[in-house]
Amino acid sequence: MSLGLFENRAKVNCFDGLIIQIEPTYLCRLKCVMCAHTYRQEVHGKIEPFMDFDLFVKIINQIVHFCKKYNVFVDTLQLFWYGEPFLHPKIVKLIEFAVCYNSKHRVFDKIRIDTEFSAATKPQIEHIFKICHYWNDQSLYFTFSLDALTPKTYNKIRRGGDFKRVMSNIHYLIRLKDKYMFASPIFNLQFIIHPLNYHETNDFIAYWKDILHSRRFHYPSDSISIKKLNTLKQDLTADELKARETHESTLRQLKFKPFSAEFGRLEIEGWDELFHHRVSLATERRPPCASLWKQPSFASNGDLTFCCKDEQLEFKLGNIKIQTLEEMWLGEYINKIRMQQLLGDFSWPTICSNCSNHPGLNITKDEIDNYIKRFEHSKIPLMGNRCKE
């Protein structure tokens, strides 16, 4: 999709396709088995739990300034990180600002919110539909973190959740799509295969496929996704390694295959990998992590980090309250890490040393070449130290 501000870009460069995380809150009521909330009382430590609206607006404006100046685009604005977005008391206001801004200026291809969805209220859902309808939005995208089809399985994985309320909210949203006859918000029904839920994979697909197929109006962008576990911890535990094995064996037994149809899509992560020869990871040279170029992550207090696994904000680049996105994302600290990884050295910082890289991001050889050329010709300035406290 070509974006309004950046339709005339001459070529793809190293920062194209940004996926920017802005965290409304790091709080969550659930203790999911795969999440940092199960082993930390305060995921980010003692910082402001809710992002201030004015700070949110400042970050959006900084993103747009950066993109215009460096002629790059944002693939996805993600309004989540470690927390449940609907616990933020002004989450609808944040969504409304992002949708309104995007409808006027076409800055982001997608505005995405991952949610377990039990904290949402029906008036909030209705308000969001009215926002999308009023602004003729085509960008808002919800991922519903379900991972189960029955309360028993759901409660084993998403401890403290309310399965009945989640299902009620999702079905209400689907009914509203029929009522408004409007594609946005687009939604994805997510199932992460795990030893506690793999036996429900086929039934999960069949149930939601039938729901999507039987709607009064069809929306091909709505989807079901079957995914593998990508832990936010650095080292895979024995349980998580078992989850990877379970994912592969479950895919081999699936009766369903990925599809795209007029009523929706079924996306199965890793399906193609099972039926094609792959070179062993042990023999491949580790690529630089695309997150260093592609995914700035803002915590609820405005701290910026380059890694979504940096839960304690140990490697933050600075804070948007006192520095610009440009100063931090093009600063000496992060450029040093980028160049180090391009040379094949992943020993520092420690968060990189035992990590297998971001699972959903890639940076191409052309983009890397573009970065090196910019770096060598000082078009990417070394704009300061690691962090101003």
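Residues numbered from 1 in each chain as written. Predicted model: local features only at pLDDT ≥ 70, side-chain atom pairs only at ≥ 80, totals over all residues. Heavy atoms only, no water.

Novice: Please explain the side chain of N188 as it appears in this structure.
Specialist: Tracing the backbone through its elements, the reader meets N188 in strand 7 (residues 186-192). Exposure remark for N188: the relative accessible area of 2% places this residue in the buried category. One polar contact links N188 to S225, side chain to side chain, over a distance of 3.0 Å. Discounting chain neighbours no more than four positions away, the residues touching N188 are Y141, F142, T143, F144, S223, I224, S225 and E267. (Helix = DSSP H or I, 4+ residues; strand = E, 2+ residues; numbered from the N terminus. Buried < 20%, exposed > 50% of the residue type's maximum accessible area, 1.4 Å probe, protein only. Polar contact = N/O pair within 3.5 Å; in protein donor to acceptor, adjacent residues only side chain to side chain. Contact = heavy atoms within 4.5 Å.)

Novice: Sorry if this is basic, but what is going on with the packing of helix 10 (residues 332-342) against helix 12 (residues 365-376) here?
Specialist: Helix-helix packing: each pair is described by the crossing angle between the helix axes and the interaxial distance. Across the interface, helix 10 lies against helix 12 with an axial gap of 12 Å and an inter-helix angle of 125°. One finds that helix 10 runs oblique with respect to helix 12. Between helix 10 and helix 12 lies a crossing of left-handed hand. Every residue of helix 12 that contacts helix 10 at N335, R338, M339 and L342 is listed here: I368, Y371, I372 and F375. Each residue belonging to the contact of helix 10 with helix 12 can be placed in one class, and the counts come to six nonpolar, one polar and one charged. (Axes fitted to C-alpha atoms, helices over the stretch in contact; angles between N-to-C directions. Parallel < 35°, antiparallel > 145°, perpendicular 65-115°, else oblique. Left-handed = near helix turned anticlockwise from the far one by under 90°. Nonpolar A, V, L, I, M, F, W, Y, C, P; charged D, E, K, R; others polar.)

Novice: Sorry if this is basic, but what is going on with the side chain of N102 here?
Specialist: Examined against the element boundaries, N102 turns out to sit in helix 2 (residues 91-105). Setting aside residues no more than four positions away along its own chain, N102 makes contact with V107, F108, I111 and S139.

Novice: Sorry, what's going on with unusual backbone geometry here?
Specialist: Working note: non-glycine residues mostly have negative phi, and peptide bonds are mostly trans. For the bond running from S184 to P185, omega is 5°, close enough to zero to count as cis. P349 follows W348 through a cis peptide bond whose omega is -5°. One non-glycine residue with positive phi stands out, namely M181, at about 50°. The topology assignment puts M181 in the loop between helix 5 (163-180) and strand 7. Located in the positive-phi region is L313, a residue other than glycine, with phi close to 55°. Residue placement: L313 occurs in the loop between strand 12 (303-305) and strand 13 (318-319).

Novice: Whenever I open this one, the sheet that holds strand 13 confuses me. Can you help?
Specialist: Sheet strands pair via backbone hydrogen bonds, and the direction of the pair is either parallel or antiparallel. What the eleven strands build is an open sheet, ordered 9-10-8-7-5-4-3-1-11-12-13; its pairing is mixed. In this open sheet, the two strands that pair with only one neighbour each are strand 9 (259-261) and strand 13. Relative to strand 12, strand 11 (residues 297-298) is paired through two bridges, and the arrangement is antiparallel. Bridging across to strand 12, S297 finds its partner in T305. Across the sheet, helix 5 is in contact with strand 5 (140-145) and strand 7; its angle to strand 7 comes to roughly 150°. Along the sheet, helix 6 (residues 201-213) contacts strand 7, strand 8 (223-227), strand 9 and strand 10 (264-268); its crossing angle with strand 8, the most-contacted strand, is approximately 170°. (Pairing = 2+ DSSP bridges.)

Novice: Is there a simple way to explain the packing of aromatic side chains in this structure?
Specialist: Here the distance between the centres and the angle between the planes together describe a pair of aromatic rings. Taken as a whole and assessed by the stated rule, the structure comprises 20 aromatic pairs. Taken together, a centroid distance of 4.5 Å and an interplanar angle of 40° make the contact between F117 and F144 tilted. On the criterion of sequence distance, the pair formed by F117 in the loop between strand 4 (108-115) and helix 3 (122-134) and F144 in strand 5 is long-range, its members being 27 residues apart. Here F117 matches F144 in class, with each residue buried. Consider the rings of F259 and F263, whose centres lie 5.8 Å apart with planes at 55°: the pair is tilted. Taking the relative accessible area as the measure of exposure, F259 reaches 21% and is therefore partly exposed. (Phe/Tyr/Trp six-rings, centres within 6.5 Å; stacked < 30°, edge-to-face > 60°.)

Novice: Where do I start with the pattern of salt bridges in this structure?
Specialist: Note on pairing: side chains with opposite charge can pair once their charged atoms come close. Per the stated rule, a full pass over the model turns up twelve salt bridges. With a closest N to O distance of 2.9 Å, K321 and E48 form a salt bridge. Residue K321 is found in the loop between strand 13 and helix 9 (325-329), and its partner E48 is found in the loop between strand 2 (31-32) and helix 1 (53-70); the two are separated by 273 residues along the sequence. We note a salt bridge from D222 to R215, for which the minimum N-O separation is 2.9 Å. Take D222 and R215: they sit in the same class, and that class is buried. If you follow the salt bridges from partner to partner, you end up with K177, R215 and D222 in one network. (Salt bridge = Lys/Arg side-chain N within 4 Å of Asp/Glu carboxyl O.)

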